[in-house]
Amino acid sequence: MLSQDCLAGGSPAVMPAVPDPAQVTGAVDRYMALREFRARLYGCLTARADALFELCDAILCADHAVTSLAELSLVPAFRRGHGALYDALAAGQVDEEALAALLAGTLPQLVDGEEAMAWVEAHDRIDYGLLEQALAGLPAADAAQVREACARWRRLRFAIDATPYPRPDAECSPERGHVHHDACRCDSTRKTIPGWEYQFAAALGHLRTAWAALVDAERTTPATRTRQTARQVKNLLRRLHAAGPGGRGAPLVIMDAGYSAAALTAALAGQPVHLLIRLASGSVFYADPATRPGKKGRPGKHGMPVTCHNDPGQANPEPGETLVLPDTPRYGTVRAGAWREVHPLIHGDRGYFAGWDGELPVLRGTVLRVTVEHLPDGRAPHKTMWLWHAGPAPLSLDELWRAYLARFDEEHAFKFAKTTLGLTAARVRTPQQADRWVRLVMAAFAQLLLARPHAAGLRRPWETRPPAGRPLPPGRVRRGFANIRRHLGTPAHVAKPARPGPGRPKGSATGPAPRYPIPKKEAKNDEEDKQPAGQGLKPKLRARADRWVVMDAWPGGHPTGRGSMPRG
């Protein structure tokens with residue numbers, strides 16, 4: 001049947017393009033993957049499942065940043081009252097192992113979207129079929145090392161870092177401690193605040209974006225951080241092996257300078273994992289000692305030292321391998337040097353190695369020195385970056401230093417989870433309630449990653465379009481999640497009608513809630529406790545302090561009646 005334009009003598013109407021069947025099949029598969037993830041997530045909630053699941057949907061569908069729990073009860077996705085919301089966090093249960101297995105088995109393969117996969121295909125120049133043919137005649141150990149070195153673009157990368165959950169005024173909350181935070185509440189030098197600390201493991205992509213898939217979390221304490229980190233890495237490896245399939249090479253785990261490189265290398269020895277840890281300035285490593293035939297006496301244990309100086313011009317042996325990248329877009333000229341097969345000096349009377357059973361191990365690895373011409377904002381770098389790598393095989397310098405820069409994607413994920421999803425906004429009393437809330441936020445972040453291909457890219461009039469070849473940021477995906485959820489449905493059941501409870505019986509009293517004092521922080525060194533009052537001040541302030549002490553000792557206060565504060 002002809003259109004009105006054809007009957008009037010005009011040009012025929014343009015027929016819509018036939019959609020590509022492959023694209024339609026891929027979109028349907030991603031849509032069904034999101035539905036399946038939500039169904040499996042509901043199965044991880046073992047008590048108060050309906051309220052907890054709808055609370056997670058309320059985090060995603062709210063049209064504002066999450067700043068309080070009570071306001072989430074007003075979101076249409078949460079079909080219950082505010083009492084059910086608090087009851088879900090107080091009496092609900094989350095199967096933490098099942099949730100962690102779900103996240104680890106689903107998210108690391110998706111953190112690199114279509115844009116990143118196209119970028120990787122353009123940079124991956126290895127013909128893996130010819131590689132396997134070339135390795136057929138080599139010994140198994142040598143062939144495995146070559147495969148590890150060539151698995152750069154297939155390798156999964158994870159970052160582990162801790163972030164504080166501040167609770168400075170919650171005197172009734174147990175198990176609080178001093179956690180690192182810039183908003184100091186104790187003194188002006190140590191930058192700590194009372195609260196809890198959570199350590200996250202996040203999967204990183206090959207493109208530098210604001211996306212990082214949070215796959216695991218544990219509430220940690222500084223005294224046991226090394227053992228908890230080693231256990232967290234082993235659990236991650238176990239879950240990845242259970243999820244399969246393999247063929248990607250050993251994963252690379254990246255950590256900042258707050259972690260002990262020697263302790264974690266010893267704790268994870270023999271595990272199929274690469275460790276990349278930033279070193280503190282002043283760390284010293286040693287090469288193997290040089291042996292001479294006919295030399296008498298006890299053989300040496302340590303050779304030439306390699307010191308992590310801030311000034312790259314200070315004395316050090318020449319690196320065994322160097323890399324120079326001129327005119328990089330963000331850092332200018334990049335220079336990297338590596339000292340391979342070096343080991344740290346281990347003391348058996350302190351730290352992780354105190355009480356070590358048997359002879360102390362020799363932990364060999366690679367020390368990297370990375371210097372850049374300038375930072376991305378144009379400033380000159382104030383120190384040299386030193387890295388420690390240990391794993392089943394040596395990796396290229398270019399892969400290692402670029403992988404460490406990808407660690408900062410986890411910082412962007414922390415910022416979004418705190419400012420938008422309300423990671424630390426829940427003012428709950430017990431740490432168990434905080435654990436449930438943190439895992440709900442992780443589940444919400446995971447759904448945003450799964451919904452990224454379906455997002456429409458809604459933007460405000462003053463916002464710019466995302467660059468070509470870059471995925472949408474998490475904030476814009478969340479902005480359109482309510483439209484996506486409308487087609488997904490929910491496995492949660494409708495709330496049953498109920499009447500208000502009887503409340504507290506008349507005349508009953510539970511008494512005040514117990515208070516939990518925060519453990520006192522220890523002094524930085526022994527000299528602080530021995531230092532008399534007024535010491536460490538400038539001479540003029542010390543003299544004024546001495547005058548205050550004399551005036552406070554005057555009978556009746558200051559002789560002029562002005563109190564204990566001197567004039568001037």
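Residues numbered from 1 in each chain as written. Predicted model: local features only at pLDDT ≥ 70, side-chain atom pairs only at ≥ 80, totals over all residues. Heavy atoms only, no water.

### Comments concerning the overall build of the protein
And step 1. Secondary structure assignment for the protein yields 18 helices and 14 strands.
And step 2. Across the 568 residues of the protein, 42% fall into the buried class.
And step 3. Relative to all contacts within the protein whose residues are 6 or more apart in sequence, the contacts with residues 24 or more apart total 67%.
And step 4. Split by element, the accessible area of the protein, about 31,600 Å² in all, is 55% carbon and sulfur. (Helix = DSSP H or I, 4+ residues; strand = E, 2+ residues; numbered from the N terminus. Buried < 20%, exposed > 50% of the residue type's maximum accessible area, 1.4 Å probe, protein only. Contact = heavy atoms within 4.5 Å. Areas by Shrake-Rupley, 256 points an atom, 1.4 Å probe, with all protein chains shown as cover.)

### Brief notes about the pattern of salt bridges
And step 1. Across all of its chains, the model carries 31 salt bridges by this definition.
And step 2. For Arg407, the salt bridge is made with Asp256, and the minimal N-O distance between the two is 3.6 Å. Placement of Arg407 in the loop between α12 (397-405) and α13 (408-419) and of Asp256 in the loop between β7 (252-255) and α11 (261-267) is noted, with a sequence separation of 151 residues between them.
And step 3. For Arg407, a relative accessible area of 2% corresponds to the buried category. (Salt bridge = Lys/Arg side-chain N within 4 Å of Asp/Glu carboxyl O.)

### Details of a nonpolar patch on the surface
And step 1. A cluster of nonpolar side chains, namely Val24, Val28 and Met32, defines an oily patch on the protein surface of about 240 Å² accessible area.
And step 2. Here Val24 is to be found in helix α2 (residues 21-43). (Patch = residues over 30% accessible without salt bridge, like charges linked within 9 Å, V, L, I, M, F, W, Y side chains within 5 Å.)

### Overview of empty space enclosed by the protein
And step 1. Across all of its chains, the model carries 2 cavities of 30 Å³ or more by this definition.
And step 2. One number sums up the size of the largest cavity: a volume of about 70 Å³.
And step 3. Along its surface, the largest cavity is lined by Val111, Asp112, Gly113, Glu115, Ala116, Gly205, Leu207, Thr209, Trp211, Arg452 and Pro471.
And step 4. Residue classes in the lining of the largest cavity are distributed as 5 nonpolar, 3 polar and 3 charged. (1 Å grid on protein atoms, 1.4 Å probe; cavity = no way out; pocket = protein on both sides within 12 Å on 5 of 7 lines; lining within 4 Å. Points joined across faces, edges and corners; volume = space filled by probe spheres on them. Nonpolar A, V, L, I, M, F, W, Y, C, P; charged D, E, K, R; others polar.)

### Structural notes on the pairing of strand β12 (residues 332-344)
And step 1. For β12, the tally of buried residues reaches 10 of 13 residues, placing the bulk of the element in the interior.
And step 2. Examined bridge by bridge, strand β9 (residues 284-287) and β12 share 3 bridges and lie antiparallel to one another. Across the sheet, residue Phe285 finds its bridge partner in β12, namely Pro344.
And step 3. Here strand β11 (residues 321-328) hands over to β12 after 3 residues, the two strands then running antiparallel side by side.
And step 4. Bridge analysis of β12 against strand β13 (residues 365-372) gives 8 bridges, and the strand direction is antiparallel. Note that in β13 the partner of Trp339 across the bridge is Val367. (Pairing = 2+ DSSP bridges.)

### Here we look at the pairing of β11
And step 1. Judged from the 6 bridges that link them, β11 and β12 form a sheet pairing that is antiparallel. Paired with Leu323 across the two strands is Ala336, which belongs to β12.

### Digging into unusual backbone geometry
And step 1. One non-glycine residue, Arg48, lies in the positive phi region at around 55 degrees.
And step 2. Considering the arrangement of structural elements, one finds Arg48 in the loop between β1 (45-47) and α3 (49-61).
And step 3. At Asp327, a position not held by glycine, the phi torsion is positive, near 60 degrees.
And step 4. Secondary-structure assignment places Asp327 in strand β11.
And step 5. Judged by relative accessible area, Asp327 falls into the exposed class, the value being 67%.

### Description of helix α10 (residues 225-243)
And step 1. End to end, α10 covers 27 Å across 19 residues, agreeing with the expected 27 Å (1.5 Å per residue, within 8%).
And step 2. If you follow the buried residues of α10, they end up packed against α6 (96-106), β3 (157-166), β5 (192-204), β6 (213-220), β7 and α11.
And step 3. Count one or two residues on from α10 and you reach Gly244, which has phi positive near 55 degrees. (Expected span 1.5 Å × (residues − 1).)

### Concerning the packing of aromatic side chains
And step 1. On inspection of all chains with the given rule, the structure shows 14 aromatic pairs.
And step 2. Look at Tyr352 and Phe353: their rings are 5.4 Å apart centre to centre, the planes differ by 90 degrees, and that puts the pair in the edge-to-face class.
And step 3. On the basis of an interplanar angle of 85 degrees and a centroid distance of 6.1 Å, the ring pair of Tyr404 and Phe408 is categorised as edge-to-face.
And step 4. A cation sits over an aromatic face here: Arg452 above Trp211, 5.0 Å from the ring centre. (Phe/Tyr/Trp six-rings, centres within 6.5 Å; stacked < 30°, edge-to-face > 60°. Lys NZ or Arg CZ within 6 Å of the ring centre and 35° of its normal.)

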